[in-house]
Amino acid sequence: MSNPTVVQFGTSRFLQAHADLFLSEAMPDARPVTVVQSSGDAQRAARLQALAEGYEVRIRGLWQGRPVEETCRVTSIARGLIFGPDLAEVQRLVAEEADMILSNTGDAGFGPQAADAGRCLDPAMSYPAKLAYLLRARFEQGGRAVQVLPTELLRGNGTALRDLVLAAAEGMDRDYRDWLRAEVVWVNSLVDRIVSEPLYPAGAIAEPYALWAIEAQPGLRLPCQHPAVQVVPDLGVIERRKLFVLNLGHSWMVAEWLARGRRDAEHVREVMADLDWVARLRAVFAEEVFPGFVAAGEGAGLEDYIETTLERFSNPFLDHRLADIAQNHAQKLERRIAAFLAWAEANGDGRAKPRLRAALQGEIG
């Protein structure tokens, strides 16, 4: 296999069933990958070895009304490294070989760490601080262009990561910081696929639906050609659809589930088996959500997106637990339902939206 040109930080089951699977399906035209276990946890060595040997992703669910069950073998990963024992090799790869840096470091990956204040690269640093030191070595060796492609679930994730890396590099040479701003391509993207279960020692079970939306910009190079990879001029519409349809739908059904005393269902698919529950969910989408998008001029294609979302919710193979969705429920209600109500009103949708307001107040059921 040729020298890896994608360096990936993170070994999550999501990446295994999303980006790594797409790169594998695009072979031999896609770039092979070196995966870096960014936490430095040596106990995950078995996963890294299994990733490099090839692993399975099982696609199970509904697609356009038909059941899908298939198994894919992923062979895009050339090798795995640990960000501690293999630090010198990670530094060399980023400095000399990588032309794309991919990440999915979890919810806490971008968060500051005490080690960030150090004067040299430390495995205990946050991902942005690590990247500041790794890219400095690349700059010092000639500054060949590189593309940084985060997939963390953060709005404007490429822009946010750039700003965090610049903050971590504040005490470094001005020429280097100028290079970070002007020469490195920081890519904003949005990813969407429910990956419900891990397989061991590597692999995952995922739904048929998949999306990797990438915002267009000068100098952009796609990680691969794949039906799930879409270049769009603005991620805003896609972000709002995901947040205010799929995520809002999840939080609305959890609000009702909590109002019922956590009875009558354990998984999302069981909610979708209750005809009365589904009728109320459809009413939320048709009578309260859809008009908000229409008022904002974003109604085209939304009905199809809603139907696809309902099909994803109905996946008979997916053990998507309501209790998991209910974690941080109050914050999710603010981001998904309260934010939608404010956005819809700001765009001229003056409808009362009683079901969504009741969900915010915990009064549905």
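Residues numbered from 1 in each chain as written. Predicted model: local features only at pLDDT ≥ 70, side-chain atom pairs only at ≥ 80, totals over all residues. Heavy atoms only, no water.

(A) Just the overall build of the protein, in detail. Within the protein one finds 14 helices and 13 strands. Its C-alpha atoms give the protein a radius of gyration of 22 Å, near enough to 21 Å, the size a compact globule of 365 residues would have. Projected onto the principal axes, the alpha-carbon positions of the protein cover approximately 60 × 45 × 35 Å. Out of the 365 residues belonging to the protein, those deemed buried represent 54%. At a minimum sequence separation of 6, the contacts of the protein that also span at least 24 residues come to 73%. For the protein, the centre of its 40 positive side-chain charges and the centre of its 49 negative side-chain charges are spaced 1 Å apart. (Helix = DSSP H or I, 4+ residues; strand = E, 2+ residues; numbered from the N terminus. Rg over C-alpha atoms; globule rule 2.2 N^0.38 Å. Buried < 20%, exposed > 50% of the residue type's maximum accessible area, 1.4 Å probe, protein only. Contact = heavy atoms within 4.5 Å. Lys, Arg positive; Asp, Glu negative; His and termini not counted. Charge placed at Lys NZ, Arg CZ, Asp CG, Glu CD.)

(B) Main features of the nonpolar core. In this structure, Met-253, Phe-285, Val-289, Phe-313, Phe-340 and Leu-356 are the most contacted members of the largest nonpolar core, which totals 43 residues. Those elements giving two or more residues to this core turn out to be strand S12 (211-215), helix H8 (236-259), helix H9 (268-272), helix H10 (275-295), helix H11 (302-313), helix H12 (322-325), helix H13 (329-346) and helix H14 (354-361). It is H8 that provides the largest number of residues to this core, a total of 10 residues. The contact partners of Leu-356, leaving out residues within four places of it in the chain, are Leu-248, Trp-252, Val-284, Glu-288, Val-289, Ile-337, Phe-340 and Leu-341. Ala-26, Leu-51, Leu-149 and Ala-210 belong to the second largest nonpolar core, which has 39 residues in total. (Core = buried A, V, L, I, M, F, W, Y, C linked by side-chain atoms within 4.5 Å.)

So far we have only geometry, and geometry alone does not tell us how the molecule works.
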